[in-house]
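# Examining the three-dimensional arrangement
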Amino acid sequence: MIFITGLCDDGCYYCPVSRDRLNKDVFYVNEVPVSTISEVLLELARSGSRGASITGGDPLVRSDRTTKLVKEIKDHFGDNFHVHLYTSGRYATTGVLRALDRAGLDEIRFHPTKMEFLSRAKAAKENTSMSVGVEIPVAPHIEEWVKDIIVRADRLGLDFVNLNEMEFVEPNARALLARGLRESATRPFTVEGSLKTAIRIISWARDNVSIPVHFCPATFKDEIQTRNRLRVASLRDLRWNEEPLASGTLLEYSCIAGKGVLVKREVYPTPSRRPVVAEEIVGDCPD
């Protein structure tokens, strides 16, 4: 995942982006901070990525940077390296959309914070070769809004609608509580009732629209997507003093200089091997 900027002008109350990123022009790839596109390419290669998603914030707040990034990725990894992008559509002018298409963007997913932004999705469908869809959160209190967007996306001839289980995390918790929403007792870090709402909507969509409607539970992102990415990265970049774990993290063994003790750390397979998950002294350093 490429977090190309935290800048955004939509102010969604349910936004789960951390406060050290939101509304700040910061740049990350696979949770690794970067400052150049060359660093992005290196991290994608190091981690064995076969595709990339570009997110934020809203990537189109920095449309020139985003378009250049897409082109560089395609030039480096080839046409089979799939790249998709998330945007509200606020800045998705026809010119920007065509530039992204020429750069090689494969797919664009709109989160229409205003219904009028769906016209930008229509423009993308009519003026580019990209796959064009909608990706929005789902929760009990916005069920009718979700259905309305699905109907409109179907009428516009878009390619798909993705529903994401609404997250309940520190950055958005206060705003969700103010709206009477609660964290699920059985599905940590998600809004209570989101899963059941998604199932109802998918059942309704089967009988009322022809556009494909998909659902992505929060657990899939955390337990499948993220874990698989970590596993691939750890196996490709394993060092002599490390052991891979099923979780995708690594056990790193090292001696503390001047103390003569052997330390075992559980770390993430980032270039710097940080952050550290756990650490303990396991014995003396070998001679």
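First things first, this report covers the structure right here in the doc. Given the structure is predicted, the values throughout are model-derived calculations rather than measurements.

With that out of the way, let us pick up the sheet that holds strand S12 (residues 261-267). Across the sheet, four strands lie side by side as S10-S11-S12-S13; this open sheet has antiparallel pairing. Bordering the open sheet on either side are strand S10 (242-244) and strand S13 (276-284), each of which pairs with just one other strand. Each strand of the sheet is rotated relative to its neighbour by a mean of 20 degrees, with strand direction disregarded. Pairing analysis gives three bridges linking S10 to strand S11 (residues 250-255), with the strands arranged antiparallel. Its bridge partner lying in S11, Pro244 is registered against Leu250.

This paragraph deals with helix H5 (residues 143-155). Each full turn of the α-helix corresponds to 3.6 residues, which orients residues three or four apart in the same direction. Compared with an ideal rise of 1.5 Å per residue, which puts 13 residues at 18 Å, H5 spans 19 Å between its outermost C-alpha atoms and is within 8% of the ideal. Of the positions making up H5, those classed as buried are Glu143, Val146, Lys147, Ile149, Ile150 and Ala153. When H5 is viewed along its axis, its buried side chains cluster within an angular range of 160 degrees and face the same direction. Among the exposed residues of H5, those pointing more than 90 degrees away from its buried face are Glu144 and Arg155. Buried positions along H5 lie against strand S7 (131-138), strand S8 (160-165), helix H7 (194-208) and strand S9 (213-216). Looking at the residues trailing H5, positive phi occurs at Gly157, about 75 degrees.

Counting 57 residues, the largest nonpolar core has Ile2 and Ile108 as its most contacted members. If we skip the residues at most four places from it in the chain, Ile108 touches Leu85, Thr87, Leu97, Ala124, Met130, Ser131, Val132 and Gly133. Judged by nonpolar contacts, the second largest core, of five residues, contains Cys15, Val17, Leu22 and Tyr28.

Its place among the elements puts Asp159 in the loop between H5 and S8. Once residues within four sequence positions are removed from consideration, Asp159 is found in contact with Lys125, Met130, Ser131, Val132, Ile211 and Pro212. Side-chain polar atoms of Asp159 contact the side chain of Lys125, separated by 2.7 Å.

Moving on to the packing of aromatic side chains. For any pair of aromatic rings, geometry is given as the distance between the ring centres together with the angle between the planes. Considering all chains together, one arrives at three aromatic pairs under this definition. A cation over a ring is seen here: Arg65 above Phe27, with NZ or CZ 5.8 Å from the ring centre.

One non-glycine residue, Asn23, lies in the positive phi region at around 65 degrees. Relative to the helices and strands, Asn23 resides in the loop between strand S1 (2-5) and strand S2 (28-29). By relative accessible area, which is 48% here, Asn23 ends up partly exposed.

Moving on: the packing of helix H3 (residues 94-103) against helix H4 (residues 118-127). Helix-helix packing: each pair is described by the crossing angle between the helix axes and the interaxial distance. The contact between H3 and H4 brings their axes to 10 Å, and the two run at 45 degrees. Classed by the angle they form, the pair H3 and H4 counts as oblique. Our pair here, H3 against H4, has a crossing hand that is right-handed. Along its contact with H3, which presents Thr94, Leu97, Arg98 and Asp101, the element H4 presents Arg120, Ala123, Ala124 and Asn127. Taken together, the residues of the contact of H3 with H4 break down into three nonpolar, two polar and three charged.

Rules used in this analysis
Residues numbered from 1 in each chain as written. Predicted model: local features only at pLDDT ≥ 70, side-chain atom pairs only at ≥ 80, totals over all residues. Heavy atoms only, no water. Pairing = 2+ DSSP bridges. Helix = DSSP H or I, 4+ residues; strand = E, 2+ residues; numbered from the N terminus. Axes fitted to C-alpha atoms, helices over the stretch in contact; angles between N-to-C directions. Expected span 1.5 Å × (residues − 1). Buried < 20%, exposed > 50% of the residue type's maximum accessible area, 1.4 Å probe, protein only. Arc of directions from axis to C-beta. Contact = heavy atoms within 4.5 Å. Core = buried A, V, L, I, M, F, W, Y, C linked by side-chain atoms within 4.5 Å. Polar contact = N/O pair within 3.5 Å; in protein donor to acceptor, adjacent residues only side chain to side chain. Phe/Tyr/Trp six-rings, centres within 6.5 Å; stacked < 30°, edge-to-face > 60°. Lys NZ or Arg CZ within 6 Å of the ring centre and 35° of its normal. Parallel < 35°, antiparallel > 145°, perpendicular 65-115°, else oblique. Left-handed = near helix turned anticlockwise from the far one by under 90°. Nonpolar A, V, L, I, M, F, W, Y, C, P; charged D, E, K, R; others polar.

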